[in-house]
Amino acid sequence: MTALTIVLFLAGIGLLIAGADILVRGASRLALAAGISPLVVGLTVVAFGTSAPEMAVSVKAAVSGQADIAYGNVVGSNIFNVLFILGLSALVAPLLVERQLMRRDVPIMIGTSLLLPLLALDGRVGRLDGAILFCGIVAYTAYSVLESRREAAGRREEGAKEKPEPAGSTVINVLLVAAGLAMLALGARWLVSGAVEFARGMGVSELVIGLTIVAAGTSLPEVATSVIAAYRGQREIAVGNVVGSNIFNILAVLGMSGLVAPTGVPVAAQALAFDTPVMIGVAFACLPIFFTGRVIARWEGGLFLFFYAVYTAFLVMQATGSPTLPALRTAMVWFVLPLTAVTLGVTVFLSSKKQRVPAA
């Protein structure tokens, strides 16, 4: 491993972040100018834009033959998005959960998480699987936009009172989108090359690198977007960005990767047996927390961060053959997970009981 490898890796992450920021700015202004509501912009344009690094990295890795990075990046990013980003954002400020997210988008996130292992049962995400997934993101985006336009039509009087911010020149916004995409492509090339060198130099598998370093690096735009949104009081955007990004990662990123990879995206047995179930469990973990008063409290955010730290420690211990791994697994299975389940169950029960009590 050379100093140049480290420099290129870090420069790749920097280009991905800057490119995603430019892409989101231009695409958001174009979407708002087209009459799409801010909430749907957050769920689609902003979420998809901040997930553009995952798209760039996974597609590049799939075409180059680093399939473990392509798949691990998506699964690791989804775990990182919920546990780390929502956890950190909730610590900054308790997060408000929109009713629409609970009714529609969170179930879609769970459904896509369950669909992935079904398509990968044969050990790969092939071209047919990729086509199915990509058709899903097209349908989800079209439905979201149509619903937004329908809601906007019903609120014309209210919208007339609010003066929207100028969207700027269409040509400038299109140029921003093009520049962002170019930076993402170059950043993805450097990041994947650096990650492969890290894996070879440290003796760590490409899957673990994809699940940790690459996943965290490509999720930095989501970190910045959600944390800043929570700090500025736009808490629904912080949650919507994560949910929308997770949907996009599975449907669009893996879908496109499966379509462009010469022989599809092979799925390692370890990823299918452990990391994919963890991703599904994390998606389901959102339900009780999201339904407790429609707010993600600070203690729940701390709980998410704790579980991400444990998950990362587990991956590192497993990769290095640490003798303390069995002790960590025993503690999680017999103490931490049951205690967490009981705590969340009691919280949901008390919250639902409180909501059933009629106001005096």
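Residues numbered from 1 in each chain as written. Predicted model: local features only at pLDDT ≥ 70, side-chain atom pairs only at ≥ 80, totals over all residues. Heavy atoms only, no water.

Okay, the environment of Val106 next. Relative to the assigned elements, Val106 resides in helix H5 (residues 99–119). In this structure, the C-alpha to C-alpha distance between Val106 and Ile247, residues 141 residues apart in sequence, is 9.0 Å. (Helix = DSSP H or I, 4+ residues; strand = E, 2+ residues; numbered from the N terminus.)

Looking at the protein chain as a whole, the pLDDT averages 78, with 82% of positions reaching at least 70. Predicted confidence in the protein chain is weakest over helix H7 (residues 156–161), with a mean pLDDT of 51, and strongest over strand S2 (residues 124–125), with 89. (pLDDT = per-residue confidence, 0-100.)

We now examine helix H13 (residues 298–320). Taking 1.5 Å per residue as the helical rise, H13 with its 23 residues ought to reach 33 Å, and the 33 Å between its terminal C-alpha atoms agrees with that figure. Positioned one or two residues after H13, Gly321 has a phi angle of 70°, which is positive. (Expected span 1.5 Å × (residues − 1).)

Below, the discussion takes up empty space enclosed by the protein. Evaluation of the coordinates by the stated rule reveals 1 cavity of 30 Å³ or more. For the largest cavity, the calculated volume is near 40 Å³. Around the largest cavity sit Asn78, Ile79, Val82, Met109, Ser113, Asn246, Met279, Val282 and Ala283, which together line it. Those elements that place two or more of their residues in the lining of the largest cavity are helix H4 (67–92), H5 and helix H12 (269–291). Here the lining of the largest cavity is built from residues that sort into 6 nonpolar, 3 polar and no charged. (1 Å grid on protein atoms, 1.4 Å probe; cavity = no way out; pocket = protein on both sides within 12 Å on 5 of 7 lines; lining within 4 Å. Points joined across faces, edges and corners; volume = space filled by probe spheres on them. Nonpolar A, V, L, I, M, F, W, Y, C, P; charged D, E, K, R; others polar.)

This next bit is on the pattern of salt bridges. Pairing between side chains of opposite charge can happen when the charged atoms of each approach one another. One pass over the structure, following the stated rule, counts 1 salt bridge. Across the pair Arg104 and Asp105 runs a salt bridge whose closest N-O atoms are separated by 3.3 Å. Relative accessible area serves as the criterion here: at 14%, Arg104 is assigned to the buried category. Since its relative accessible area comes to 0%, Asp105 is described here as buried. (Salt bridge = Lys/Arg side-chain N within 4 Å of Asp/Glu carboxyl O. Buried < 20%, exposed > 50% of the residue type's maximum accessible area, 1.4 Å probe, protein only.)

Looking now at the packing of aromatic side chains. Counting across every chain of the model gives 7 aromatic pairs. Between the aromatic rings of Phe80 and Phe84, the centroid separation amounts to 4.7 Å while the plane-to-plane angle is 20°, which identifies the pairing as stacked. Of this pair, Phe80 and Phe84 both sit in helix H4, separated by 4 residues, roughly a single helical turn. Taking relative accessible area as the criterion, Phe80 reaches 4% and is therefore assigned buried. When the ring of Phe274 is compared with that of Tyr311, the centres are 6.2 Å apart and the planes differ by 20°; the resulting orientation is stacked. (Phe/Tyr/Trp six-rings, centres within 6.5 Å; stacked < 30°, edge-to-face > 60°.)

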